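# Structural overview for review
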Amino acid sequence: MSHKKKDIFVSVIFIALGVFMYIQSMNFKPLMNNDIGSGFFPKIVAIVIMTIATANLLLAFKNKGEDDAKEAKSKDSDLFGGWVTVALIGIYVLVYNSVGFLISTAAYLFLQILVLCPKEKRNIPMFGVISVITSVFIYAMFVYAINMPLPRGIFGF
Amino acid sequence: MVMEAISMIFNPFCMFLILVGVIIGIIFGSIPGLSSTMALVLFLPMSFGMEPMNGIALLVGLYLGGISGGLISAILLKIPGTPSSIATVFDGGPMADKGEAGKALGVGILTSFVGGLISIFALMFISPTLSKVTLLFTSAEYFSVAIFALTIIASLSGNSLIKGILSGLFGLAISLVGIAPVDGIRRFTFGQPQLYGGFETVVILIGVYAVTDIIFAGFNRNSISTDAVKTTYELKGFGMSLKEYFTYWRNIIRSSLVGIGIGILPGIGGSTASLLAYTAEKNSSKYPEKFGTGIVDGIIASETSNNAVIGGSLIPLITMGIPGNVATAVFLGGLTIHGISPGPLIFEKSGKYVYGIFLALIVANIFMLIFERAGLKLFVKLLDIPKYILLPIVMVSCVLGAYCANFRIFDVWCVFVFGILGFIFKLLKVPSTPLIIGFILGEMTELNLRQALMQSAGSWSIFVTRPISLIFLIIAVVSGVMAVRRSVASRKTTSQGV
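Residues numbered from 1 in each chain as written. Chains lettered and ligands numbered in written order. Predicted model: local features only at pLDDT ≥ 70, side-chain atom pairs only at ≥ 80, totals over all residues.

### Focus: the overall build of chain A
- In terms of helices and strands, chain A carries 5 helices and 0 strands.
- When the helices and strands of chain A are placed in sequence order, the string is α-α-α-α-α.
- Evaluated residue by residue, chain A yields a buried proportion of 27% over its 157 residues.
- Contacts spanning at least 24 positions in sequence make up 65% of the contacts within chain A whose residues lie at least 6 apart. (Helix = DSSP H or I, 4+ residues; strand = E, 2+ residues; numbered from the N terminus. Buried ≥ 20, exposed ≤ 12 C-beta atoms within 10 Å, placed from the backbone. Contact = placed C-beta atoms within 7 Å.)

### Digging into the interface of chain B and chain A
- Contacts between chain B and chain A engage 55 residues on the former and 53 residues on the latter.
- Top element by residues in the side of chain B that touches chain A is helix 20 (residues 387–406) of chain B. It accounts for 10 residues.

### As for the domain arrangement of chain A
- Partitioning chain A into domains gives domain 1 (3–62) and domain 2 (79–145).
- Between the C-alpha centres of domain 1 of chain A and domain 2 of chain A the distance comes to 40 Å. (Domains from an automatic or database assignment.)

### Looking at helix 9 (residues 161–175) of chain B
- With 15 residues, helix 9 of chain B extends 21 Å between its outermost C-alpha atoms, agreeing within 8% with the 21 Å of an ideal straight helix rising 1.5 Å per residue.
- Of all the 15 residues making up helix 9 of chain B, 14 are buried; the element is thus mostly covered by neighbouring parts of the structure. (Expected span 1.5 Å × (residues − 1).)

### Some words on the confidence of the model for chain A
Residue and element names in this part refer to chain A.
- This prediction gives chain A a mean pLDDT of 86; 89% of its residues lie at or above 70.
- Per-element averaging of pLDDT across chain A places helix 5 (residues 124–145) at the bottom with 90 and helix 4 (residues 101–116) at the top with 94.
- In the model, residues 68–72 has pLDDT below 50 throughout and makes 3 contacts with residues more than four positions away in sequence or in other chains. (pLDDT = per-residue confidence, 0-100.)

### Some remarks on the environment of Thr433(B)
All names here are of chain B.
- Tracing the chain through its elements places Thr433 in helix 22 (residues 433–455).
- For Thr433, a count of 24 C-beta atoms within 10 Å gives the class buried.
- Each C-alpha atom, one on Thr433 and one on Ile409, is 25 Å from the other, the two residues being 24 residues apart in sequence.

### A short note on helix 5 of chain A
Residues and elements named next belong to chain A.
- Over its 22 residues, helix 5 runs 30 Å from end to end, which matches the ideal 32 Å to within 8%, given 1.5 Å per residue.
- Buried residues of helix 5: Phe127, Ser131 and Ser135, and no others. The buried residues of helix 5 occupy an angular sector of 55° when the element is viewed end-on, so they sit on one face. In this structure, helix 5 carries Pro125, Met126, Val129, Ile133, Phe137, Ala140, Met141, Tyr144 and Ala145 as exposed residues pointing more than 90 degrees from its buried face.
- Here the buried face of helix 5 lies against helix 4.
- Backbone geometry just downstream of helix 5 places Asn147 in the positive-phi region, at approximately 55°. (Arc of directions from axis to C-beta.)

Structure representation (C-alpha cells):
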C-alpha cells in the first residue's frame, strides 16, 4: 500500500470509530444533577477523533502522490514466516485453556522455533528438547514453587 | 517511615529480587531485539503476586539493569542493545576497532553507575519539595495536568503528528471501556461481563510491545538470524583509574543534568538524552573533531545521561502520577495494583514505599556496577544465544504474564488482539506509544474533569481562574503549538527533499 493509501485508510477507519463512539455515547444519560454524565467525555473524544481523522484525510488528498511511489520492498521481508507466526500465536492463545499449558506451550515453542530458524541451522531434536524442558520448567516453577495454578486442560495436566 | 523502608529493602529476599531484576534487565538490555521495556512488561504481572515492596524492588532492578545493559552490544556488536545506548555506538564502535573494547565497556559501566547515582539523589531531593506544591492541587489542577500530559503524545509521535494524536485518542477511547467513574454506568461493554472491569494496562503493554515485536520477527526472520560480528575484549578493573575518570567531571555533570532534565520532561526518553548529551559534549569540547573516532568522552556522555534519565523520569511519576515513558507507565501499573497511588499525598500515605523505591534504586545501582562488571563474560556469551530460540520463549512468557494478571483466559486473548493491533499500527505507520499514554491518562482526565465541574456547579471557568490550573493549560497550549510547528516544518523539509 502506498503512503497516501495508508493515510486514507487510517482516516476512514478512525472516522468510523468516532461516529460509532458518538452514537453509542448518546445512550449514557447523566444520573446526577450537577454531573455532566458518563456520555460527555466519550462524545468529546469521538468528536476530536472525527476532526483529526478528517484533517488527516484532507492532508492525504492534498498530498498529490508525491511519495506515491511504491515503497521498496525489503528483501528480508518474508510473508510466509510472518503469517505462520501470527497463526501460531493465534492458535496457541485459543487452545491455551482447553489443551492446557504444558502441551500447548511445548507444541507452540517447537513450531515457532522451527519457523524462525533458518533452514541450514535446523536441529529438530534439540528444538524438541528445548521446547519440552522450557515448558516443564515454567510449569513446575509456577505450580509447585510459587503456587500459581496454570491451565491444566483436557488431559488433566 | 525511613526505618520501615530500610527494613523492607534490606531483607535477604528483597535484595535477591533486586539482584535478579538487575541481571535479567542487563540480559534483556544487552540483547538487541529484546528490550528493557519487554523485561519490565513481562515481569509486571509476576510482581502483582508479591509483597508490594518486593514487587516494586524487582521492577526497579529491571528498569535500571535494562538501561545499563545496552552498552555491551553497543560496543561489541555496534548495535545498541536498547535505543538509549544509541550514542554509545558512535565512539564505542571505533574504540572496539582500535582494540580498546575493554576500556570502553569498563568506563561505560562505571559512568552508568555515576549517572544513575546522581539522578537518584536528584529524585530524592526534588520529589518531596515538588509534592508539597502538588498538595495544593484540586481536580481542576489535575485535569489541566492531564491535558498537559496528553500533549506529551505530540512529542512521542515521531514523524507523524496527526497519526500520533489519533493513536493517543484511540488509547483514550479504549480507556472508556468498562465502568465509568463517578456514576458507575457501564460503557462500551456490549453485554460482555469480561469487559466490565475494562482492559488491563499490562495486557495492552504486553500485546502492543512484546507480541507485535515477535510478529515482526516472523516477517523478518532472515534478518534476525544474521550473526553480527562480535569483537573480543580485554579488561582489567574499569579500564581507567578513578582519578583519571574524574578528570572528565565537567562531562559527567553536564551529561547527568541533561539526563535528569530529559527524564523529568515527559515523553522524550533515554535515546534523545544520550544523543543530546553526546552533542552537547562534542560542541563544548576542545577537540570536537575527535568525537566519533573512538574517544572515551563520547561513551561517558552517552552512558551517564541515559542512566540519569532513570531518576529524572520517576520525579513526575511519584509526585503527580504522570508516566513520561513506557518504563514509568509499567511502574505506575505496579504501584497502583498494590494500592499505592502516586501523587502529592504519596509521601504521607505510602511514604515507606517511596523511601523504599529510593533505597531500591541505590541498591540496584550498586548491584549493576558490581555484577555487570563481574558477569561481563557471561553477558557477552549470552549474546550468542540465537534469537529464533529466545523470541518464542519470550512469547510464552508474555502469554503467561497476561494469564497471571487475573487468572482468566480472556486476558490471554486480549494480548493476541492487542498484538495484532500493534502490528497493524506499525504497518500503517501509526506510532503505538501514544496509545499507551492515552490509555493511562484517560481515567485521570475524565474523573478530574467531572469532579471539577461538579465542584464549580458546571462552570468551566474553574480551569482558568485557578492559577496553577491556568499555568498548566498555558504550558499545554504552548507545547501543543510547538509540536504542530515542528511537524509542519519537518513536512516542508521532507516535501522539498522529494
